[in-house]
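Chains, contacts and geometry: an overview
Chain by chain, the residues:
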Amino acid sequence: MQPPADGVLWVTFWGVRGSIPTAGPEYQATGGNTACVEIRCGAHVLLFDAGTGVRKAGIALAREGVTAFDIFLSHSHYDHIIGLPFFAPLFDPQAHGTIWSGHAPSVATTRGIVEELLRPPFFPASPTMFRASIAYKDFKAGDIIRPAAGIAIDTAQLDHPGGVIGYRVAFGGSAVAYLTDTGTRSEDANKAALRLADRADMVIYDCMYTEEEAPGRAEFGHSTWKQGAELCRTAKAKRLAMFHHAPDRDDAEVSALETAARSEFAGAFAAREGMQFSFSAKDELLGAVASPS
Ligand SMILES: [Zn+2]
Ligand SMILES: [Zn+2]
């Protein structure tokens, strides 16, 4: 499946887990890679987070011959950046890309985050190994980023230890919100999440915990499907993509939570690795993309 360069907004889930990758037959239908979502606006490739899922995204993009991309980090916890050195387009001398972040501007720059990740003794090489032309950009929560004509990305600080940015991508009359790693303790963050989710075609939301698991864990900055459903109902969003599944959540549990979420919000579904959607006048699920070997 190769999205055409038209006015359509595409969403592809390359990694849907939170915290740490997981493997095993009981997790296969959901997928075990950590956070990475491609949102393609016409021909323009935007990647949200670079968890282990970004490796497969890179293989697919390289095969397709894509040489331009923007990577937006929600924050710099390992599950959202660890895949970066395995993203094939970074090693293509013809490629050029921009890496963006804005969750903790007083603590770390985007360039600093990547340099810290890629240094001995944790990694054998530095970002100088990249062959692509890479720009590192920092922004402030609240900025609206326009990486290309017709694309507007609204940003806001949400509720997570060390900070996290929520994004809303608007293109061609469609809008998708990417709200991962966030709790609901901060009124400011709740208002921001509502603004980003407002009448969105899809809200990709942190549904890490069940209602039973959530009590006592508020300080970790994650949410439940009920909180996601409530946000989507209030925001009049069309779909809730349940995202950042806990590493121990097997396929049967994910399906059970999905069924429960649908009973409260009809547009809810569990994000699974390889799912692809397109949005234009009407949205449709395109099914799983071919898995690159
Ligand atoms: Zn995470
Ligand atoms: Zn996190």
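Residues numbered from 1 in each chain as written. Chains lettered and ligands numbered in written order. Predicted model: local features only at pLDDT ≥ 70, side-chain atom pairs only at ≥ 80, totals over all residues.

Before going further, it helps to spend a moment on the overall build of the chain. Helices and strands together make up the secondary structure of the chain, namely 5 helices and 15 strands. Rg of the C-alpha trace for the chain: 17 Å, near the compact-globule value of 19 Å for 293 residues, within the 12% margin. Expressed as lengths along the three principal axes of its C-alpha atoms, the size of the chain is roughly 50 × 40 × 40 Å. Per-residue burial for the chain yields a buried fraction of 49% across its 293 residues. The contacts of the chain with a sequence gap of at least 6 include a subset with a gap of at least 24, amounting to 66%. (Helix = DSSP H or I, 4+ residues; strand = E, 2+ residues; numbered from the N terminus. Rg over C-alpha atoms; globule rule 2.2 N^0.38 Å. Buried ≥ 20, exposed ≤ 12 C-beta atoms within 10 Å, placed from the backbone. Contact = placed C-beta atoms within 7 Å.)

A few words on the sheet that holds strand β10 (residues 174-179). Taken together, the 7 strands give an open sheet; going across it, the order is β7-β8-β9-β10-β11-β12-β13, and neighbouring strands pair in mixed fashion. Whereas interior strands pair on both sides, the edge strands pair on one side only; in this sheet they are β7 (144-145) and β13 (268-270). Across 5 bridges, strand β9 (residues 165-171) lies against β10 in antiparallel orientation. Residue pairing across strands places Ala170 opposite Ala175, the latter belonging to β10. On the sheet, helix α4 (residues 225-235) packs against β11 (202-206), β12 (240-243) and β13 and is oriented at approximately 155° with respect to β12. (Pairing = 2+ DSSP bridges. Axes fitted to C-alpha atoms, helices over the stretch in contact; angles between N-to-C directions.)

This next bit is on the nonpolar core. In terms of nonpolar packing, the biggest core is built from 79 residues, with Val176, Val203, Ile204 and Met242 touching the most fellow members. Not counting chain neighbours up to four residues away, the residues in contact with Met242 comprise Tyr205, Cys207, Trp225, Gly228, Leu257, Glu258, Ala261, Ala268, Phe269, Ala270 and Ala271. (Core = buried A, V, L, I, M, F, W, Y, C linked by C-beta atoms within 7 Å.)

Summarising burial for strand β14 (residues 275-279): 4 of the 5 residues are buried, a large majority. In this structure, strand β1 (residues 9-15) lies alongside β14, joined through 4 bridges in antiparallel fashion. Within the sheet, the bridge partner assigned to Val11 lies in β14 and is Phe277.

Burial analysis of β9 places 6 of its 7 residues in the buried class, which makes it a mostly covered element. Note that strand β8 (residues 152-157) and β9 share 6 bridges and pair antiparallel. Across the sheet, residue Asp154 finds its bridge partner in β9, namely Arg168. With antiparallel pairing between neighbouring strands as the criterion, β9 and β10 make up a hairpin whose turn holds 2 residues, including Gly172 at a positive phi of roughly 55°.

In the contact formed by α4 and helix α5 (residues 251-264), the axes pass within 10 Å of each other and the chain directions differ by 30°. Between α4 and α5, the angle falls in the class roughly parallel. The interaxial crossing formed by α4 with α5 has right-handed handedness. Of α5, the residues touching α4 (which contributes Trp225, Lys226 and Ala229) are Leu257, Ala260, Ala261 and Glu264. Its residues assigned to classes, the contact of α4 with α5 shows 5 nonpolar, no polar and 2 charged. (Parallel < 35°, antiparallel > 145°, perpendicular 65-115°, else oblique. Left-handed = near helix turned anticlockwise from the far one by under 90°. Nonpolar A, V, L, I, M, F, W, Y, C, P; charged D, E, K, R; others polar.)

Let us now look at helix α3 (residues 187-197). All of the buried residues along α3 are Ala189, Ala192, Ala193, Leu196 and Ala197. In an axial view of α3, the angular spread of the buried residues amounts to 125°, which keeps them on one side of the axis. In α3, the exposed residues that point more than 90 degrees away from the buried face are Glu187, Asp188 and Lys191. Structurally, α3 contributes buried residues whose contacts are with β8, β9, β10, β11 and α4. (Arc of directions from axis to C-beta.)

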